[in-house]
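Reading the structure
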Amino acid sequence: MTQPILDGEIRDGRHHMQIRVYYEDTDFSGIVYHANYLRFMERGRTNHLRLLGAEQHALFTEVETETPGFAFVVRSMKLDFLKPARMDDVLDVITWPVAVKGASITLAQEVRRGTDVLVTAEVRVAFISEGRAQPIPRSIRMLMKADLD
């Protein structure tokens, strides 16, 4: 089954997803409010994971059996705001894994308008279960590393 285009697509190991800027995304000056980039990038990370495999639900059911109550949480995020986006701009949110180690995954993200890079981010996501960091299960680690090759 093909995913709807609204989930974006994976090209050359990177997830690309387009977002249009609406009035509600902007501040009083008409540029995208800085916190909204976090929302855009969260959607990119979520859809990246969704597109990594058709059996995502089965994978997470398997992980839930091994590690009950698991979750991914943002541990740290470094952002650089380079250029503003404005209402009606079409942005490309690009996400790719940089490292998969122990209990965390490091992802790089960019928000672009055409060839202009507007925002860059480095996001470290931790795998937790029962409130504590846990090693990422092999099945998820292998799924993410498939994107690193």
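Calculation rules
Residues numbered from 1 in each chain as written. Predicted model: local features only at pLDDT ≥ 70, side-chain atom pairs only at ≥ 80, totals over all residues. Heavy atoms only, no water. Helix = DSSP H or I, 4+ residues; strand = E, 2+ residues; numbered from the N terminus. Buried < 20%, exposed > 50% of the residue type's maximum accessible area, 1.4 Å probe, protein only. Contact = heavy atoms within 4.5 Å. Areas by Shrake-Rupley, 256 points an atom, 1.4 Å probe, with all protein chains shown as cover. Salt bridge = Lys/Arg side-chain N within 4 Å of Asp/Glu carboxyl O. Pairing = 2+ DSSP bridges.

Our focus in this paragraph is the overall build of the chain. Scanning the chain for helices and strands turns up three helices and seven strands. Walking the chain from its N terminus toward its C terminus, one meets helices and strands in the order β-β-α-α-β-β-β-β-β-α. Relative to its full complement of 149 residues, the chain shows a buried share of 40%. Residue pairs in contact within the chain that sit at least 24 positions apart in sequence constitute 67% of those at least 6 positions apart. Total accessible area computed for the chain in this model is approximately 8,800 Å², and 52% of it derives from carbon and sulfur atoms.

What follows covers the pattern of salt bridges. This model, assessed by the stated rule, comprises six salt bridges. Between Glu9 and Arg11 there is a salt bridge, with its nearest N and O atoms 2.5 Å apart. Look at Glu9 and you get partly exposed, because its relative accessible area is 35%. The residue Glu110 makes a salt bridge to Arg112 at a minimum N-O spacing of 2.8 Å. A residue is classified by how much of its surface remains accessible, and Arg112, at 23% relative accessible area, is partly exposed.

Examined against the element boundaries, Arg141 turns out to sit in helix α3 (residues 138–146). Once the C-alpha coordinates of Arg141 and Ala99 are considered, the two residues, 42 residues apart in sequence, prove to be 9.9 Å apart. Ignoring sequence-local partners within four residues, the contact set of Arg141 consists of Val100, Gly102, Pro135 and Ile136.

Mapping Leu107 onto the fold places it in strand β5 (residues 104–113). What makes Leu107 buried here is its relative accessible area of 6%. Residues Leu107 and Glu122 lie 15 residues apart in sequence; the distance between their C-alpha atoms is 5.8 Å. Sequence-distant contacts of Leu107, defined by excluding residues within four places in its chain, comprise Arg45, Thr95, Trp96, Pro97, Val98, Ala121, Glu122, Val123, Val125 and Met144.

Glancing now at the pairing of strand β2 (residues 14–20). Taken together, the three bridges between strand β1 (residues 9–11) and β2 define a ladder with antiparallel strand orientation. Bridged to Arg11 within β2 is Arg14. Here β1 hands over to β2 after two residues, with Asp12 in that stretch at a positive phi of 55 degrees.

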